[in-house]
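For reference, the chains in residue letters:
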Amino acid sequence: MHLAAGDRRHERRDATRLMGPARGSGAAVPDNDGLRRRSIPRTIRSSLDRWWLYRIDLNRNVQHSQIPDVIRGSAAIAGELRRETVMKLSETPIAPGKLIGLRELKGGHKGVLFLLENDGGEKLVVKFQNEPPTEALAGTRIMKVAGGSTPGVRLASRIDVGILLHAVANIAFELAPLRKAFESAKSSFKHVLLMEFAEGATLKAKREDAVDEFLAIIQDQSFQIALGKVIAADAFAGNPDRMFAGKIGFDPKLAGWYHEQNLFMAKSSDGSPNAVAIDNAFQPHVFDATAPWGRYLGGMGVQWGSLAAGNVELAKHEAGLLFDLFLSTAKNDHPDAEPQIEQARSGRLTFQTNVARGAQEAMQALLARGQGWKDKLRKDGATEDTIRSFRIRKRLLRLMAEGEGTEEATQEAIKDARDDQAYRKWVLVNEYHMASDAADALLLQSLAAYKDFKRRSRHV
């Protein structure tokens, strides 16, 4: 879900969110802020099927037939627009207020994206797609746990969609073609995602338009640590579509690779440079032949993400290759800036150290015990086959974190990650400091005995 990838007009982002109303319940609307108390007929309460009743922004001259069925029953509570209440994306349902802006974001490789803006300046991205929303939901969840910066995302409910359709239906006449495109997208796609609008410039735009600023940002410690967290989250989720070290095409050599539209260079609240991840993915399969590195075969449309962020030494090597790529692409864009670019090359070691530090911090957060990842991923719609793949990937990253930073060590760790008994023995010996013979004896008992031992040991 590329947000305006390749469309420079849309590369500046606004992180603010849409306004929303307070929530009410029962058969009447509270009498506050000038909103008149209205009784809701029993038939309407029944048709809403126990949905909460919300204050909706209804223009007084809107005809009853123009209101979508999903919210038509709420016409009884029409009143003055309430815009001062801010609703976070996590709150439901969405309440866009009076829309004054609507445009389609170009460059998305799957689905259709629209940017909505209301008269209070709040913005929201709405994405229509046929693909299951699991990748976006799980990938964003993982990025947030890692401490990476990324716009929030959630699946739109039926009532969310109805409210948005009504808001778009009342947009300015000159935006009628876009209104029709929005309504057509609703009919053409299965799923609707609501996403916060990120602020910043893509890596590509910053490099092409302001090379001096680009060089300053990639040498900034805050950006480097933030970038490491993004790379670690991608390694954990199996995202192959942002940046990693891997084999490019059929070249046997390792090189840096990145999709330069999927990372924004932005500013944190304190003004320091930040790396903001968009278009998060969740493809947690382990391809033994490529691990720990990724691979990109553009002509075949196939690519695999890297696991290198799981080990501090491998992470440093990966970061170095990415740094080289940053400088080489800058040089291609700005040959006249070669002196500044070559001067920046002296910061390679610092870049490696800080990116690896960010990756290590993120991986520790992601691998912490007791997070209930399987249940969370099921909530995001992951299949049992995908969860099994994720379990292997998570095991491998845990083994890599404690192992040697070599390709050979990774290949050995893959065997243990796929072998239940070998992995459980590793856990007993390395995490619970049990003697090898004692671990073997415990594992001969039963899986229940192993789980009970771990549960009791956590409470000691």
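Residues numbered from 1 in each chain as written. Predicted model: local features only at pLDDT ≥ 70, side-chain atom pairs only at ≥ 80, totals over all residues. Heavy atoms only, no water.

Here the focus is unusual backbone geometry. Cis geometry is found at the peptide bond from Ala291 to Pro292, where omega equals 10 degrees. Mapped onto the fold, Pro292 is located in the loop between β12 (273-277) and β13 (294-297). A positive phi angle, near 55 degrees, is found at His433, a position not held by glycine. Structurally, His433 is set in the loop between α15 (420-430) and α16 (436-445). (Helix = DSSP H or I, 4+ residues; strand = E, 2+ residues; numbered from the N terminus.)

Next up on the list: the packing of α15 against α16. Look at α15 against α16: their axes get within 9 Å of each other, and the N-to-C directions meet at 130 degrees. Accordingly, the angle class assigned to the pair α15 and α16 is oblique. Here the hand of the crossing between α15 and α16 comes out right-handed. For the pair α15 and α16, the contacting residues are Gln421, Arg424, Lys425, Leu428 and Val429 in the first and Ser436, Ala439, Asp440, Leu442 and Leu443 in the second. Here the contact of α15 with α16 is built from residues that sort into 5 nonpolar, 2 polar and 3 charged. (Axes fitted to C-alpha atoms, helices over the stretch in contact; angles between N-to-C directions. Parallel < 35°, antiparallel > 145°, perpendicular 65-115°, else oblique. Left-handed = near helix turned anticlockwise from the far one by under 90°. Contact = heavy atoms within 4.5 Å. Nonpolar A, V, L, I, M, F, W, Y, C, P; charged D, E, K, R; others polar.)

Here we take up the sheet that holds strand β3 (residues 99-105). Taken in spatial order, the 5 strands of this open sheet run β3-β4-β5-β7-β6, and their pairing is antiparallel. Where the open sheet ends on each side, the last strands, each with one partner, are β3 and β6 (153-155). The average angle at which neighbouring strand axes cross in this sheet is 25 degrees, direction not considered. Pairing of strand β4 (residues 112-118) with strand β5 (residues 123-129), which is carried by 6 bridges, proceeds in the antiparallel orientation. Bridge assignment links Glu117 to a residue of β5, and that residue is Lys123. (Pairing = 2+ DSSP bridges.)

A rise of 1.5 Å per residue sets the reference length of helix α5 (residues 176-188), with its 13 residues, at 18 Å; its end C-alpha atoms lie 18 Å apart and thus fit the reference within 8%. For α5, the full list of buried residues reads Ala176, Arg179, Phe182 and Ala185. Contacts made by the buried residues of α5 are with β3, β4, β5 and α4 (158-169). (Expected span 1.5 Å × (residues − 1). Buried < 20%, exposed > 50% of the residue type's maximum accessible area, 1.4 Å probe, protein only.)

Turning our attention to the sheet that holds β13. Read across the open sheet, the 4 strands follow the order β10-β9-β13-β14; overall the sheet is mixed. In this open sheet, the two edge strands, each paired with only one partner strand, are β10 (254-258) and β14 (302-304). Looking at each pair of strands side by side, their axes are set apart by 40 degrees on average, direction ignored. The sheet contact formed by strand β9 (residues 243-248) and β13 spans 3 bridges and is parallel. Bridge pairing links Lys247 to Arg295 in β13.

This brings us to the packing of helix α7 (residues 211-218) against helix α9 (residues 312-333). Between α7 and α9, the shortest axis-to-axis distance is 11 Å and the interhelical angle comes to 170 degrees. If you check the angle between α7 and α9, you find them roughly antiparallel. Within the contact between the two elements, α7 uses Val211, Phe214, Leu215 and Ile218 and α9 uses Phe323, Phe326, Leu327 and Ala330. Considered class by class, the residues forming the contact of α7 with α9 number 8 nonpolar, no polar and no charged.

Turning to the nonpolar core, a few remarks are in order. Core analysis: the biggest nonpolar cluster contains 78 residues, and Ile218, Leu227, Phe236, Met243, Phe326, Met363 and Leu428 have the highest contact counts within it. When residues in this core are grouped by element, the largest group, 10 residues, is from helix α8 (residues 221-237). Residues in contact with Phe326, not counting those within four places in the same chain, are Leu203, Arg207, Phe214, Ile218, Leu227, Met243, Tyr258 and Phe351. Membership of the second largest hydrophobic core comes to 22 residues, among which are Leu124, Ala167, Leu175 and Ala185. (Core = buried A, V, L, I, M, F, W, Y, C linked by side-chain atoms within 4.5 Å.)

A few words now on helix α3 (residues 134-145). The terminal C-alpha atoms of α3 lie 16 Å apart, and with 12 residues this matches the ideal 16 Å at 1.5 Å per residue to within 8%. The inward-facing, buried residues of α3 abut β6, β7 (191-195), α8, β12, α11 (348-367) and α12 (373-379). With its phi angle positive at about 90 degrees, Gly147 sits one or two positions after the end of α3.

Once that is clear, we can look at the packing of aromatic side chains. In the structure shown here, the tally under the stated rule is 16 aromatic pairs. A centroid spacing of 6.0 Å and a plane angle of 80 degrees characterise the contact between Phe114 and Phe128, whose relative ring orientation is edge-to-face. Taken together, the residues span a long stretch of sequence, with Phe114 in strand β4 and Phe128 in strand β5 at a distance of 14 residues. The exposure classification of Phe114 matches that of Phe128, with both residues buried. A centroid spacing of 6.2 Å and a plane angle of 80 degrees characterise the contact between Phe214 and Phe326, whose relative ring orientation is edge-to-face. Taken together, the residues span a long stretch of sequence, with Phe214 in helix α7 and Phe326 in helix α9 at a distance of 112 residues. On the basis of relative accessibility, which here comes to 0%, the residue Phe326 falls in the buried class. In this structure, Lys376 packs its charged tip against the face of Trp373, placed 5.6 Å from the ring centre. (Phe/Tyr/Trp six-rings, centres within 6.5 Å; stacked < 30°, edge-to-face > 60°. Lys NZ or Arg CZ within 6 Å of the ring centre and 35° of its normal.)

This part covers the pairing of β5. In terms of burial, β5 is a largely internal element, 7 of the 7 residues being buried. Neither face of β5 is exposed, since Lys123, Val125, Lys127 and Gln129 on one face and Leu124, Val126 and Phe128 on the opposite face are all buried. Adjacent in sequence and paired antiparallel, β4 and β5 are bridged by 4 residues, among which Gly121 carries a positive phi angle near 90 degrees. Looking at chain direction, β5 and β7 are connected through 5 bridges and run antiparallel. Looking at β7, one finds that Val125 is bridged to Met195.

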